[in-house]
Amino acid sequence: MGLINNIFTDEAMRKLKGNLGIGHTRYSTSAASEEVNCQPFVVHTAHGALAVAHNGELVNCSSLRKMVLGRGVGLSTHSDSELITQALCLNPPEGETNGPDWPARINHLMRLAPLSYSLVIMLKDKIYAVRDPYGNRPLCLGKILPLGSSYVYKHSSARHTEVLMNGCAKNGVDERAEGWVVSSESCGFLSIGARYVREVLPGEIVEMSRHGVRTVDVVERPADKQQAFCIFEYVYFARADSIFEGQMVYSARMQCGRMLARESPVDADIVSSVPESGTAAAHGYARQSGIPFMEVLCKNRYVGRTFIQPSTRLRQLGVAKKFGALSENVRGKRCVLIDDSIVRGNTIGPIIKLLRDAGAAEVHIRIASPPLKYPCYMGINIPTREELIANKMDAYKLAELVGADSLEYLSVEGLVSAIHYNMKTTPSDGVGGHCTACLTGDYPGGCPKPTGEVHPRSCGETLWDLNYLHTKDLHTKSLFLTPDAKRGVL
Ligand SMILES: O=P(O)(O)OC[C@H]1O[C@H](OP(=O)(O)OP(=O)(O)O)[C@H](O)[C@@H]1O
Ligand SMILES: NC(=O)CC[C@H](N)C(=O)O
Ligand code: SF4
Ligand SMILES: [Mg+2]
């Protein structure tokens, strides 16, 4: 357990042998932050070892767990990712004739569990990369360029599902690629000499082996369901230099800032941001409003993101240590301060106090996303309504509480249209749709119900479950494969 740099030291990386591998940095959602729940999960099957890493959270963990236990399988943790690993060991209903049919097993899992995951599944000689049929969590494919040297992959941000494969070019299979990588986010590709190729499609199963990369199946959503890519990836979660849906996250955030300036203008001297994630939107707000951008906060670079800490205490301590005021920039100024989101309300109050103490004349808060009011069951750790500050008070009351001169959020329509502004796809035909459930309560697979069980992550929360085991609702769309994909070419 620990930060990437402490665990994956150069020495530890040098010990790794072979030409394929998977890794995971865990942002816990379904079970406690303990070593036993760390990934990848590895099990030994009759057909050799199987390793699985998972970004996301199963919405029907409780019902799937009962089903898997009912098939005589033992589980050693409460992790939904271990559950996925064991479910993959089940024989598919169609049966298997010549040894294990891994694409069929993965297809079976996907029909049992619709949301939410990006997976890498490693066998002795291949890796499958899988994205859930709703495309809720991100996953993208990259190509390692032939530079004549091997690369060490290190990644610093949370909850990534990653693989590294080398050696394809030497086998003459794909002369253009030295190897292939997949990751939840593309931002790490450049640092390992890889280049972004494309997103893994919702429901797609990609096989990566010494023979190259090919799509082996695409599992469809029910006909009446849209794609539901997590809009909060754009708002906060992803790194700004990642690419989703043909646009850089930074550009989408800037566009949110522009929209915010149109919806909620203020008469002020400077526009500034709560670093890091609020900064792109602040630049957008400044450009749109014509008010100059000026930094007012100095961020301690040794304190990481506070929202992703596993407990309230750690989140609050993180905020206290994180910022200092650039007093000469803010003294006597009417300041519009932009942040990407207010979730539990730990961050914004102490920052306003800091700026007031530094002599700010006015502090107007503008938030580049709507109020978060509903829990997320799909991989972002906001499990209860009670902890969300927007359920306790409206923007006016919150402004009073945190000592702001005014406080406004971006509207849901404003956020969605800002995200669509530069997108290369459109939400027609169910493609390019987004999950906005934490903002609207409209859950892509239906709203999970309380089970009466206690959430295994402890803290006494209730466990929710979608009770979804309707395999008939999803089917394989083999016609969806392009001719190139069928031939195993990209
Ligand atoms: O209302 P709260 O519960 O305090 O959460 C919202 C804050 O948390 C996040 O920042 P974080 O420090 O996690 O990361 P960042 O440095 O990327 O902005 C987000 O950008 C907001 O600033
Ligand atoms: N996003 C993640 O990495 C979490 C995966 C999984 N749900 C867990 O809690 O371990
Ligand atoms: S509920 Fe919110 S955080 Fe969760 S997947 Fe949907 S948009 Fe993302
Ligand atoms: Mg922040």
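The structure displayed is predicted, hence computed values, not measured ones.

> Tell me about the nonpolar core, residues and numbers included.
Of all hydrophobic cores here, the largest spans 52 residues; its most connected members are Phe-232 and Ile-382. Counting residues per element, the ones that place at least two in this core are β12 (229-230), α6 (231-237), α7 (249-263), α8 (279-289), β18 (334-339), α13 (412-421) and α14 (437-440). Residue assignment places this core across two domains, with domain 1 (4-225 + 475-486) and domain 2 (247-419) each supplying three or more. If we skip the residues at most four places from it in the chain, Ile-382 touches Phe-307, Val-343, Arg-344, Leu-372, Tyr-374, Pro-375, Cys-376, Glu-387, Leu-388 and Cys-438. Ranked by size, the runner-up nonpolar core spans 28 residues in total, among them Ile-84, Ile-106, Tyr-117 and Val-219.

> So what's going on with the sheet that holds strand β4 (residues 117-122)? Residues and values would help.
In space, the six strands of this open sheet follow the order β2-β3-β4-β5-β10-β11, with antiparallel pairing throughout. Each of the sheet's edge strands pairs with one partner strand only, and the pair in question is β2 (41-45) and β11 (212-218). Averaged over all pairs of adjacent strands, the angle between strand axes in this sheet comes to 20°, irrespective of strand direction. As defined by bridge partners, β2 adjoins strand β3 (residues 48-56) across five bridges and the pair is classed as antiparallel.

> Hey, could you go over the domain arrangement of the protein for me, with residue numbers and the actual values?
Structurally, the protein comprises domain 1 (4-225 + 475-486) and domain 2 (247-419). Contact with domain 1, which involves 13 residues of that partner, is made by nine residues of domain 2. Contact with domain 2 buries area across many residues of domain 1, yet Tyr-27, Glu-57 and Arg-137 alone supply 55% of it, more than any other trio. For the pair domain 1 and domain 2, the number of links is zero salt bridges. Where domain 1 packs against domain 2, one counts four residue pairs in polar contact (both at pLDDT 80 or more). The residue inventory of the side of domain 1 that touches domain 2, partitioned by class, reads five nonpolar, six polar and two charged.

> Please give an account of the environment of Gly-135 that cites residues and values.
Inspection of the secondary structure puts Gly-135 in the loop between β5 (126-131) and β6 (140-144). For the pair Gly-135 and Ser-118, spaced 17 residues apart in the sequence, the C-alpha separation amounts to 8.4 Å.

> Can you tell me about helix α11 (residues 348-357), naming the residues and giving the values?
For α11, every residue scored as buried is listed here: Ile-348, Gly-349, Ile-351, Ile-352 and Leu-355. Projected down its long axis, α11 carries its buried residues within an arc of 165°, all on one side. Set apart from the buried face of α11 by more than 90 degrees, the exposed residues are Lys-353 and Asp-357. For α11, the elements touching its buried residues are β16 (297-299), β17 (323-325), α10 (327-330), β18, β19 (362-367) and α12 (395-402). Where α11 ends, the next residue or the one after it, Gly-359, has phi of about 100°, a positive value.

Calculation notes
Residues numbered from 1 in each chain as written. Chains lettered and ligands numbered in written order. Predicted model: local features only at pLDDT ≥ 70, side-chain atom pairs only at ≥ 80, totals over all residues. Heavy atoms only, no water. Core = buried A, V, L, I, M, F, W, Y, C linked by side-chain atoms within 4.5 Å. Buried < 20%, exposed > 50% of the residue type's maximum accessible area, 1.4 Å probe, protein only. Helix = DSSP H or I, 4+ residues; strand = E, 2+ residues; numbered from the N terminus. Domains from an automatic or database assignment. Contact = heavy atoms within 4.5 Å. Pairing = 2+ DSSP bridges. Axes fitted to C-alpha atoms, helices over the stretch in contact; angles between N-to-C directions. Buried area = accessible area lost by both parts, 1.4 Å probe. Salt bridge = Lys/Arg side-chain N within 4 Å of Asp/Glu carboxyl O. Polar contact = N/O pair within 3.5 Å; in protein donor to acceptor, adjacent residues only side chain to side chain. Nonpolar A, V, L, I, M, F, W, Y, C, P; charged D, E, K, R; others polar. Arc of directions from axis to C-beta.

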